[in-house]
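Tertiary structure, described
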Amino acid sequence: MSASPAPQPRARVTLPSLAARAAAGDKLVMVTAYDYPGARAAERAGVDLVLVGDSGAQVVLGHPSTVPVTVEEMLVLAQAVRRGLTSPLLVCDLPFGSYEASDAQAVATAVRLVKEAGADAVKLEGGGRMAASRIRAITDAGIPVMGHVGLTPQTATALGGFAAQGRTVEAASRVLREALAVEEAGAFSLVLEAIPADLAAEITPRLRVPAIGIGAGPDVAGQVLVLHDLLGLTEGRAAKFVKRYASLLDAMVEGVAAYADEVRSGAYPGSEHAYAMPDGVLDAVRAGLGERA
Ligand SMILES: Nc1nc(=O)c2c([nH]1)NC[C@@H]1CN(c3ccc(C(=O)N[C@@H](CCC(=O)O)C(=O)O)cc3)CN21
Ligand SMILES: CC(C)C(=O)C(=O)O
Ligand SMILES: [Mg+2]
């Protein structure tokens, strides 16, 4: 047999290996995933971190915002992603309403994502007193936490919609203060979302932990994008920071339309898609019904 050998799995990404890579100046690559094929694509492409984002509320479940997604739904998505991943670090968002009430609620939710879905770490939004307390509590329970400041979609209504953040002296100072507070609370990394590139460049070197940007310019330790955005699976106007690397929704429509055409024309199924019956079987069936062969 000359079967090609199974691809060598890369070494598992760990918190120390991430920190070392970031310290060496290597850009960290994070992408979201919400199912098994998305996880396989991320794994095979060699990304460092995979985020089961609450953005799945929108890009997978069709909700208008991230707010409605439940812990149960995040568990289903994260379990599917876990089955497809071996080496990247698996981070799972804590959905809106699953951590704000108390430190105990936040720890209980994080524990479920680790125990029931195999998450390696969790992510939560915010940099104020509530968020800092939750990050400390979850970290103390032994679960690594990624922070998320700047544009925090779960509370976008309070921020004035999906607008870039940190563009006034007061707002920029607040994002900086929140990033430092998230690090101080024990986060191993944090997302900086939709802030001016110059502000992200000011914040990043003030942190010991890697800042992962989305709409935060190039001077951060790494980047994250929503998988469905970068693959062209989303419709409508995308945020300014989105770059499309494929047009998969167009490819999906073309594929389904070609199938529909062939069903209607009779070109599908062809003889190669049909099961053959052994000689004589139908004759015997007819004889059994009292018909002549
Ligand atoms: N598909 C998808 N991609 C994402 O990046 C994403 C989600 N969904 N859902 C959760 C949040 C919401 N995000 C968003 C959504 C919209 C904008 C947006 O359109 N922003 C305007 C800002 C304009 C302004 O600053 O006033 C833009 O033009 O980029 C930004 C982030 C990021 N996250
Ligand atoms: C965009 C990233 C950072 C996120 O939180 C998500 O996809 O839910
Ligand atoms: Mg999110």
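Structural notes, computed from the coordinates. Note on numbering: residues in each chain are counted from 1, in written sequence order. Following the order in which they are written, the chains are lettered starting with A and the ligands numbered starting with 1. Note on the predicted model: pLDDT of at least 70 is required for a residue's local features to be given, and 80 or more for side-chain atom pairs to be given and counted; whole-chain, interface and lining totals, by contrast, use all residues.

A rise of 1.5 Å per residue sets the reference length of helix H8 (residues 169-184), with its 16 residues, at 22 Å; its end C-alpha atoms lie 22 Å apart and thus fit the reference within 8%. Between the buried cut of 20 or more and the exposed cut of 12 or fewer other C-beta atoms within 10 Å of a residue's own C-beta lies the partly exposed class, and all C-beta atoms are placed from the backbone. To qualify as a helix, a DSSP run of H or I must reach at least 4 residues; to qualify as a strand, a run of E must reach at least 2; elements of each kind are numbered from the N terminus. What H8 keeps buried is the set Val-175, Glu-178, Ala-179, Val-182 and Glu-183. Summarising the axial view, the buried residues of H8 lie within an arc of 135 degrees, below the 170-degree limit, and thus occupy one face. Turned more than 90 degrees from where H8 packs its buried face, Val-169, Glu-170, Ser-173 and Glu-184 sit exposed. Note on contacts: each residue gets a C-beta atom placed from the backbone, and two residues are in contact if those atoms are within 7 Å. Those residues of H8 hidden inside the fold are in contact with helix H6 (129-140), strand S5 (145-150), strand S6 (189-193) and helix H9 (197-203). Once H8 finishes, Gly-186 follows within two positions and takes phi at roughly 115 degrees, a positive value. An expected span of 1.5 Å times one less than the residue number is assigned to each helix. This arc is taken over the directions from the axis of the helix to the C-beta atoms.

Attention shifts here to the environment of Leu-49. For Leu-49, the location among the structural elements is in strand S2 (residues 49-52). Not counting residues within four places of it along the chain, the set of residues in contact with Leu-49 comprises Val-13, Leu-28, Met-30, Pro-88, Leu-89 and Val-91.

Another point: the sheet that holds strand S4 (residues 121-123). Here, any two strands with at least 2 DSSP bridges between them count as paired. Sheet architecture is closed into a barrel: eight strands sit in the order S1-S2-S3-S4-S5-S6-S7-S8, paired in parallel fashion. Strand-to-strand twist in this sheet, taken as the mean axis angle between neighbours without regard to direction, amounts to 25 degrees. For S6 and strand S7 (residues 211-214), the ladder comprises four bridges, and the chain directions are parallel. Counted as the bridge partner of Leu-192 is Gly-213 from S7. Geometry is summarised by axes, namely lines fitted to C-alpha atoms with helices restricted to the contacting stretch, and by angles between N-to-C directions that run from 0 to 180 degrees.

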